[in-house]
Amino acid sequence: MHVIVVGAGIIGVCSAYYLRQRGFEVTVIERRPGVAQEASFGNAGIIAPGYVTPWASPGMPRKVLSYMFSSESPVLFRPNANPAMWRWLARWLRECRLQRYRVNKSRMQRVAFYSRAQLHDLRNQLGIQYEQAQGYLQLLRSARDIELLAPARAMLDESGVAYRMLEPAEVHEMEPGLSATTPLAGGLLLPEDESGNCTIFAQAVRRAAEDDGVRFRFNVDVQRILREGDRVTGVLAGARTIPADAVLIAAATGSPALLAPLGIRIPMYPIKGYSATVALSDGAIGPQRALMDEAYKTAITPFANRIRVAGTAEIGDRELVLRDAALRTLIKVATDWFPGAARFSGAKFWVGARPMLPDGAPLLGPSPLKGLFLNIGHGSTGWAMACGSARVLADVISGTTPEIDLDGLTLERYR
Ligand SMILES: Cc1cc2nc3c(=O)[nH]c(=O)nc-3n(C[C@H](O)[C@H](O)[C@H](O)COP(=O)(O)OP(=O)(O)OC[C@H]3O[C@@H](n4cnc5c(N)ncnc54)[C@H](O)[C@@H]3O)c2cc1C
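Residues numbered from 1 in each chain as written. Predicted model: local features only at pLDDT ≥ 70, side-chain atom pairs only at ≥ 80, totals over all residues.

## Comments concerning the overall build of the chain
Step number 1: When helices and strands are counted, the chain shows eleven helices and 19 strands.
Step number 2: For a compact globule of 415 residues, the expected C-alpha radius of gyration is about 22 Å, and the chain comes in at 21 Å, within 12% of that figure.
Step number 3: Viewed in the frame of its principal axes, the chain has a C-alpha envelope of about 65 × 45 × 40 Å. (Helix = DSSP H or I, 4+ residues; strand = E, 2+ residues; numbered from the N terminus. Rg over C-alpha atoms; globule rule 2.2 N^0.38 Å.)

Given below as structure tokens:
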């Protein structure tokens with residue numbers, strides 16, 4: 001049985017690997033020249049199932065409004081006339097109610113915890129090193145930041161996730177490179193969460209998949225999914241028909257355009273984000289684990305002798321151009337915490353688009369068309385959910401019951 005995977009981001013690459021393990025003939029079709037070149041390229045690298053959370057949460061609309069009036073804001077809003085953006089925002093607002101937030105968060109965590117276990121199995125099996133670091137520490141600048149954390153802490157307690165609140169002195173002891181002058185009210189440590197370089201991981205899984213017989217076709221754009229009646233028969237790609245028994249869509253923000261002609265409408269909108277990757281200066285002490293500045297929603301992640309600073313949610317504009325306002329916030333946060341540790345004139349700046357659904361959880365599993373499957377919409381936590389989502393899809397396509405319940409994670413939730 002031949003399965004085509006559309007998209008070679010972290011989701012498509014991991015899906016292809018697990019599908020091949022199940023004995024399928026697998027072809028991955030990717031419009032870019034290599035794997036992990038869009039959202040999976042410059043992300044913050046954080047794998048924090050304990051803290052995976054939908055952006056639609058109580059208090060968030062107010063927070064977003066207040067950010068609009070700040071000069072170094074983690075949220076940029078560029079309103080346009082596109083009805084898809086306004087529809088997405090309206091749905092997002094409805095999902096901010098407490099009851100919806102709890103449902104959405106538990107769906108996301110179900111995938112993320114499962115995914116972390118799959119990631120560990122896969123890295124042990126393949127012996128992958130991907131600049132990983134253990135632990136995830138939230139930096140809380142003020143008493144207000146600590147106060148705003150209360151609902152998240154309540155959920156951590158409820159779900160039995162290990163965490164510790166830290167006094168400023170404890171944070172400084174754990175992170176000796178941290179500035180002593182930037183105000184710090186405390187920290188929240190999630191010792192079981194972790195970080196790692198998503199691109200390096202995707203490249204290693206690609207090599208393993210290819211060694212196992214998966215075919216990768218790069219620089220090929222899938223224009224259309226082909227169907228006969230209620231069954232998918234292949235794809236039209238690069239002006240060629242490629243037949244298949246099943247097609248798995250893992251095309252992130254490219255997915256709605258492929259699905260709409262089949263009558264499948266997905267409320268996905270690209271929410272842009274930025275990162276800067278920069279070498280540590282000689283002798284500088286960088287972060288020891290992934291850090292998150294809660295006030296600026298900006299992550300600082302250690303990658304070998306570099307750091308990656310990532311964040312900003314830019315809503316509205318689909319163009320992937322670097323904006324000074326976003327980059328300024330990244331540099332401010334990094335230099336607030338690690339002054340002089342890196343020279344940003346030599347940084348590699350990046351902008352990417354998160355494939356965001358308004359409620360937060362991804363869409364996994366079957367579609368109304370026979371032979372068409374989805375692994376999309378992982379939003380701001382696709383790296384943390386990649387191995388688990390991919391394993392679920394390999395199970396679904398091979399007719400095996402997945403190890404996690406798919407209730408609330410399939411297309412059914414929008415029907
Ligand atoms: C600033 C930022 C920080 C982030 N930080 C984190 C983090 O710390 N932790 C975390 O878990 N997640 C994080 N994310 C989110 C994470 O990066 C994404 O959820 C994840 O990369 C999505 O993977 P993907 O494979 O679905 O998408 P992508 O990597 O975008 O892959 C989709 C692929 O499909 C291809 N494609 C699309 N359409 C077609 C077509 N028609 N034909 C052929 N190919 C096609 C694209 O070229 C692309 O390569 C972050 C994202 C951003 C932007």
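## So, the site of the ligand
Step number 1: Around the ligand lies a shell of 42 residues, among which G7, G9, G254, G273 and G382 are the nearest.
Step number 2: When contributions to the shell around the ligand are tallied by element, the ones reaching two or more residues are α1 (10-21), β13 (269-279), β17 (348-356) and α11 (382-397). (Near = placed C-beta within 6 Å.)

## Considering the domain arrangement of the chain
Step number 1: One can read the domain layout of the chain as domain 1 (2-40 + 200-266 + 360-414) and domain 2 (59-96 + 133-195 + 269-356).
Step number 2: Between domain 1 and domain 2, the C-alpha centre-to-centre distance is 29 Å.
Step number 3: If you look at the interface, domain 1 gives nine residues, while domain 2 gives six residues.
Step number 4: Residues of the side of domain 1 that touches domain 2, tallied by class, amount to three nonpolar, five polar and one charged. (Domains from an automatic or database assignment. Contact = placed C-beta atoms within 7 Å. Nonpolar A, V, L, I, M, F, W, Y, C, P; charged D, E, K, R; others polar.)

## Regarding the pairing of strand β2 (residues 25-29)
Step number 1: In this structure, strand β1 (residues 2-6) lies alongside β2, joined through five bridges in parallel fashion. Residue pairing across strands places V5 opposite V28, the latter belonging to β2.
Step number 2: After leaving β1, the chain enters α1 and then returns to the sheet as β2, a path that is right-handed.
Step number 3: Summarising the sheet, β2 and strand β8 (residues 215-217) pair through three bridges and their orientation is parallel. Bridge assignment links I29 to a residue of β8, and that residue is R217. (Pairing = 2+ DSSP bridges. Right-handed = clockwise from strand over helix to strand, strands pointing away.)

## As for the packing of helix α4 (residues 98-126) against α11
Step number 1: Contact pair α4 / α11: the axes reach a minimum separation of 6 Å and the direction vectors enclose 85°. By the angle class used here, α4 and α11 are roughly perpendicular. Side by side, α4 and α11 meet where V111, A112, Y114, S115, Q118, L119 and L122 of the first sit next to A384, M385, A386, C387, G388, S389 and R391 of the second.
Step number 2: Considered class by class, the residues forming the contact of α4 with α11 number nine nonpolar, four polar and one charged. (Axes fitted to C-alpha atoms, helices over the stretch in contact; angles between N-to-C directions. Parallel < 35°, antiparallel > 145°, perpendicular 65-115°, else oblique.)

## A few points about the sheet that holds strand β11 (residues 240-243)
Backbone-to-backbone hydrogen bonds join strands into a sheet, with any given pair of strands oriented parallel or antiparallel.
Step number 1: Strand order in the open sheet formed by three strands is β9-β10-β11, with antiparallel pairing between adjacent strands. The outermost strands of the open sheet, each flanked by one partner alone, are β9 (222-228) and β11. Each adjacent strand pair in this sheet contributes to an overall mean axis angle of 30°, direction not counted.
Step number 2: As judged from the six bridges shared by β9 and strand β10 (residues 231-237), these two strands associate in the antiparallel manner. Within the sheet, the bridge partner assigned to E228 lies in β10 and is R231.

## Observations concerning the environment of D359
Step number 1: Topologically, D359 is positioned in the loop between β17 and β18 (363-366).
Step number 2: Sequence separation between D359 and G45 is 314 residues; the distance between their C-alpha atoms is 22 Å.
Step number 3: Discounting chain neighbours no more than four positions away, the residues touching D359 are P54, A56, E95 and N104.

## Considerations on the environment of Y101
Step number 1: Relative to the assigned elements, Y101 resides in helix α4.
Step number 2: Apart from residues lying up to four places away in sequence, Y101 is in contact with P54, A56, S57, P58 and C96.

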